[in-house]
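Chain residues, written in single-letter form:
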Amino acid sequence: MRYFKLLGQSKAQDSDNTLLTANNIPAEFLCHAIFAGDKFHDVEAAYGRVEGVVKTATGYCGGNIRKPSYREVSEGRTGHTEAVKITYDKRVVSYTSLCDIFWEIHDPTNKHFLNFGLSTHLRSAIFCSTEEERKQAQESKIRRQMKLNRRILTKITPFSKEINCEFFLAENQHQKYYLQKYYKLCQSLNLRSTQQFVDSYIACKFNGVLALDGELILDKLPQLSTTCLLPKQCRSTCDEIIQDLKRSLISHTS
C-alpha cells in the first residue's frame, strides 16, 4: 500500500485542547473534491495520508433521493455511490495531484464499475464542480490510461445541486472507519458525533495511518503523535497502541 506524506506540524487546536481541526487555514485556500473508488472507507483513509488534505468525509453521491441511508444505498435502490469528500489546502496540494493519486488507490479498470446505473453502489467516479476540474480530471485520466493495458472505466461526471447531484454524509459509524476501531483514541480526542469526526484534522490523519499494515503503523504513528499538537491522554493512548502492535508482531513472528 502506498503511503503519502503527512502534513508536518499542525497548529490547529480548539479551545479545550481535545479536538484538533483545520480551522486555522484561511477559507480562500480551502477547496473541495469528491472521489468514488470502490469502498469509501479505503478511499477516505488513503487521502487522509496525503499532505495538504485537511478533512475527509464519507458519504453518498450521484443518486436520486435526499439523505439516503447506507442500507438504501448498498441495496442499490437510490442510484448513489459510496464517495469521499476531501477538503484540501490548495497551497500544498493541487486538484491535479489529487486526481493522479486517485488512480493509485483503487483499480479503475475493474469491470464491476461498468454497472454505473442503479445496480451498484461501488463505482469509480470523479465528481467535478467546475469545467476546469473536469478538464484536469480528464487529462489525468488520459495520462494514467497511457500507462495501462486495460481500459479505465472511471466516470468523470458533473457535480452540482442544479443538476440534482449532491453529497450526503454517511452515518457516524462510516466516518474514519479505521480510527473508530480504536475507541480509546477517539475518546482521548473527544470525538463522538459525525460532524466531529468529519471536521477533525487529526482524525483525518490518524485514520489514514491506522489503515496501514502493522509495521507501517509502527513507523508512522510515532511521527504523527510528535508532529501534531496532541492532548497528553492522546499521546499516552498512542503509546499503548504502539506497544500492543509491537507485541502482536513479535507473537506472529515467533
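What you are looking at is a predicted structure, and each value in this text was computed from that prediction instead of being measured. (Residues numbered from 1 in each chain as written. Predicted model: local features only at pLDDT ≥ 70, side-chain atom pairs only at ≥ 80, totals over all residues. Heavy atoms only, no water.)

Asker: If you had to explain the environment of Lys111 to someone new, which residues and values would you point to?
Answerer: Looking at the secondary structure, you find Lys111 in the loop between helix H3 (95-102) and strand E4 (124-128). We classify Lys111 as exposed; its relative accessible area is 66%. (Helix = DSSP H or I, 4+ residues; strand = E, 2+ residues; numbered from the N terminus. Buried < 20%, exposed > 50% of the residue type's maximum accessible area, 1.4 Å probe, protein only.)

Asker: So what about helix H4 (residues 131-145)? Which residues, and what values?
Answerer: When the terminal C-alpha atoms of H4 are compared, their 21 Å separation across 15 residues agrees well with the 21 Å that a helix rising 1.5 Å per residue should span. On the buried face of H4, the contacting elements are strand E1 (30-37), H3, E4 and strand E5 (155-158). (Expected span 1.5 Å × (residues − 1). Contact = heavy atoms within 4.5 Å.)

Asker: Tell me about the packing of aromatic side chains, and please be specific about residues and values.
Answerer: Tallying each qualifying case throughout the model produces seven aromatic pairs. A centroid spacing of 6.3 Å and a plane angle of 25 degrees characterise the contact between Phe35 and Tyr95, whose relative ring orientation is stacked. With Phe35 in strand E1 and Tyr95 in helix H3, this pair connects stretches of sequence that are 60 residues apart. Here the aromatic rings of Phe40 and Tyr60 are separated by 6.0 Å at their centres, their planes lie at 35 degrees, and the arrangement is tilted. Here Tyr60 lies in strand E2 (residues 53-61) and Phe40 lies in helix H1 (residues 40-48), a separation of 20 residues in the sequence. With respect to burial, Phe40 and Tyr60 carry one shared label: buried. Through a chain of ring-to-ring contacts, the aromatic side chains of Phe35, Tyr47, Tyr95, Phe102 and Trp103 assemble into a single cluster. Stacked on the ring of Phe29, the Lys or Arg Arg91 has its end atom at 4.2 Å from the ring centre. (Phe/Tyr/Trp six-rings, centres within 6.5 Å; stacked < 30°, edge-to-face > 60°. Lys NZ or Arg CZ within 6 Å of the ring centre and 35° of its normal.)

Asker: How would you explain helix H8 (residues 214-227) if you had to name every residue and give the values?
Answerer: For H8, built from 14 residues, the straight-helix expectation of 20 Å at 1.5 Å per residue is met to within 8% by its first-to-last C-alpha distance of 20 Å. At Lys220, H8 is deflected by roughly 25 degrees, the largest bend along its length, and proline Pro222 occurs up to four residues later in sequence. Turning to H8, its buried residues are Ile217, Lys220, Leu221, Leu224 and Ser225. Contacts from the buried residues of H8 go to helix H7 (201-210) and helix H9 (232-253). (Bend = angle between axes of the 7 residues up to and from the residue.)

Asker: Outline the nonpolar core, supporting the account with residue identities and numerical values.
Answerer: Counting residues in hydrophobic clusters, the biggest one holds 28 residues, and the most contacted among them are Leu179, Leu185, Phe206 and Leu221. Among the elements of the structure, helix H5 (183-188), H7, H8 and H9 are those that each provide at least two residues to this core. By residue number, the principal contributor to this core is H7, which donates six residues. Beyond its immediate sequence surroundings of up to four residues, Leu185 is in contact with Leu179, Phe206, Leu210, Cys234, Thr237, Cys238 and Ile241. With 27 residues, the next largest nonpolar core counts Ala33, Val84, Tyr88 and Val93 among its residues. (Core = buried A, V, L, I, M, F, W, Y, C linked by side-chain atoms within 4.5 Å.)

Asker: Could you give an account of the pattern of salt bridges, naming the residues involved and the relevant values?
Answerer: Between side chains of opposite charge, pairing is possible as soon as their charged atoms come close. Applying the stated criterion across every chain, the model contains twelve salt bridges. Residue Arg134 is joined to Glu131 by a salt bridge in which the shortest nitrogen-to-oxygen separation is 2.7 Å. Placement of the pair is Arg134 and Glu131 together in helix H4, with a separation of three residues, close to one helical turn. Taking relative accessible area as the criterion, Glu131 reaches 52% and is therefore assigned exposed. Several salt bridges share partner residues, and in doing so they unite Arg71, Glu75 and Arg77 into one network. (Salt bridge = Lys/Arg side-chain N within 4 Å of Asp/Glu carboxyl O.)

Asker: Help me get a handle on the side chain of Asp89, residues and values and all.
Answerer: Relative to the helices and strands, Asp89 is located in strand E3 (residues 81-89). A distance of 2.8 Å separates the side chain of Asp89 from the side chain of Arg91, its partner in a polar contact. (Polar contact = N/O pair within 3.5 Å; in protein donor to acceptor, adjacent residues only side chain to side chain.)

Asker: Please give an account of unusual backbone geometry that cites residues and values.
Answerer: Phi at Asp38 takes a positive value of approximately 70 degrees, unusual for a residue other than glycine. For Asp38, the position within the fold is in the loop between E1 and H1. Judged by relative accessible area, which is 25%, Asp38 ranks as partly exposed.

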